[in-house]
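Next come the chains, spelled out residue by residue.
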Amino acid sequence: MTTSPWAAFRAWRRGRPFAGGVLTSLAGVEMFFSGQLDVGKIHVQVGIEGLQATIIPLLLVLLGILAVTMPVHRIFYGVIALSVSVYSLIGVNLGGFFIGMLLGAIGGVLTVAWLPRPRAPRQPGAETPASDADAGHSPAEPPPLVRRRR
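Residues numbered from 1 in each chain as written. Predicted model: local features only at pLDDT ≥ 70, side-chain atom pairs only at ≥ 80, totals over all residues. Heavy atoms only, no water.

**Student:** Now, about the overall build of the protein chain: what can you tell me, with residues and values included?
**Tutor:** Scanning the protein chain from terminus to terminus reveals 7 helices and 2 strands. Tracing the protein chain from N to C terminus, the helices and strands come up as α-α-β-β-α-α-α-α-α. Out of the 150 residues belonging to the protein chain, those deemed buried represent 27%. In the protein chain, the share of contacts with a sequence separation of at least 24, taken over all contacts with a separation of at least 6, comes to 70%. Of the roughly 10,500 Å² that the protein chain leaves accessible, carbon and sulfur atoms contribute 68%. (Helix = DSSP H or I, 4+ residues; strand = E, 2+ residues; numbered from the N terminus. Buried < 20%, exposed > 50% of the residue type's maximum accessible area, 1.4 Å probe, protein only. Contact = heavy atoms within 4.5 Å. Areas by Shrake-Rupley, 256 points an atom, 1.4 Å probe, with all protein chains shown as cover.)

**Student:** Mind laying out the side chain of Ser85, listing which residues take part and the relevant values?
**Tutor:** Mapping Ser85 onto the fold places it in helix 4 (residues 74-91). In this structure Ser85 comes out as buried when scored by relative accessible area, which is 0%. Once you skip the residues sitting within four places of it in the chain, Ser85 turns out to touch Met31, Leu60, Met101, Gly104 and Ala105.

**Student:** Please set out unusual backbone geometry residue by residue, giving values where relevant.
**Tutor:** Even without a glycine there, the phi angle at Phe97 is positive, about 55°. Here Phe97 lies in helix 5 (residues 93-97). For Phe97, a relative accessible area of 42% corresponds to the partly exposed category. Look at Phe98: it is not a glycine, yet its phi comes out positive at around 70°. Following the sequence through the fold, Phe98 ends up in the loop between helix 5 and helix 6 (99-113). Take Phe98: its relative accessible area is 43%, and that puts it in the partly exposed class.

**Student:** Please provide a residue-by-residue account of a nonpolar patch on the surface, values included.
**Tutor:** On the surface, Leu94, Phe98, Leu102, Ile106 and Leu110 cluster together into a nonpolar patch covering about 460 Å² of accessible area. For the nonpolar patch, the leading source of residues is helix 6, giving 3 residues. Here Leu94 is to be found in helix 5. (Patch = residues over 30% accessible without salt bridge, like charges linked within 9 Å, V, L, I, M, F, W, Y side chains within 5 Å. Salt bridge = Lys/Arg side-chain N within 4 Å of Asp/Glu carboxyl O.)

**Student:** For the environment of Ile99, give the residues involved together with the corresponding values.
**Tutor:** Tracing the sequence through the fold places Ile99 in helix 6. Residue Ile99 is classed as exposed on the basis of its relative accessible area, which comes to 52%. Along the backbone, Ile99 and Ser34 are 65 residues apart, and their C-alpha atoms lie at a distance of 9.8 Å.

**Student:** So, a positive patch on the surface: which residues are in play, and what are the values?
**Tutor:** Among the surface-exposed residues, Arg10, Arg13, Arg14 and Arg117 lie close enough to one another that they form a single positively charged patch. Inspection of the secondary structure assignment puts Arg117 in the loop between helix 6 and helix 7 (132-135). (Lys, Arg positive; Asp, Glu negative; His and termini not counted. Charge placed at Lys NZ, Arg CZ, Asp CG, Glu CD.)

**Student:** Go over the packing of helix 4 against helix 6, please, and point to the residues and values.
**Tutor:** Two numbers describe how helix 4 lies on helix 6: the axes approach to 8 Å, and their chain directions differ by 160°. In terms of axis orientation, helix 4 runs roughly antiparallel to helix 6. Pair helix 4 / helix 6 crosses with left-handed handedness. Of helix 6, the residues touching helix 4 (which contributes Arg74, Ile75, Gly78, Val79, Ala81, Leu82, Ser85, Val86, Ser88 and Leu89) are Met101, Gly104, Ala105, Gly108, Val109, Thr111 and Val112. Across the contact of helix 4 with helix 6, the residue classes break down as 10 nonpolar, 6 polar and 1 charged. (Axes fitted to C-alpha atoms, helices over the stretch in contact; angles between N-to-C directions. Parallel < 35°, antiparallel > 145°, perpendicular 65-115°, else oblique. Left-handed = near helix turned anticlockwise from the far one by under 90°. Nonpolar A, V, L, I, M, F, W, Y, C, P; charged D, E, K, R; others polar.)

Here's what the structure looks like:
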């Protein structure tokens, strides 16, 4: 049975903090373009602030991509994205005129709060797999705890 590309993408997306990663990357893109603005004769980006206006948005884009591609480390990436987006308030033109900061903060919170879907409960009387590889668990994610009756 062949699945459509949209169904395959939907299944892939559900297994990772997709919304948080996309919002975090979008915040980085918005901050990058707001940091490159010139308002009349005022040049917004000068000196070390110019370096911050380049590094912070690139870091947010990288954190968003890493959160989507490696969901095991989502809490670390989400906390760093949240703190960097809050720091961008003083580092990058009021956090990309508040829009980028809000997108980054919401994306970081969504990344940290995301949980993988629980696995379907086993049927009573079903055989237990011999190893974690047979059960479909990754080595980084422990198998769910099973309570035994006495």
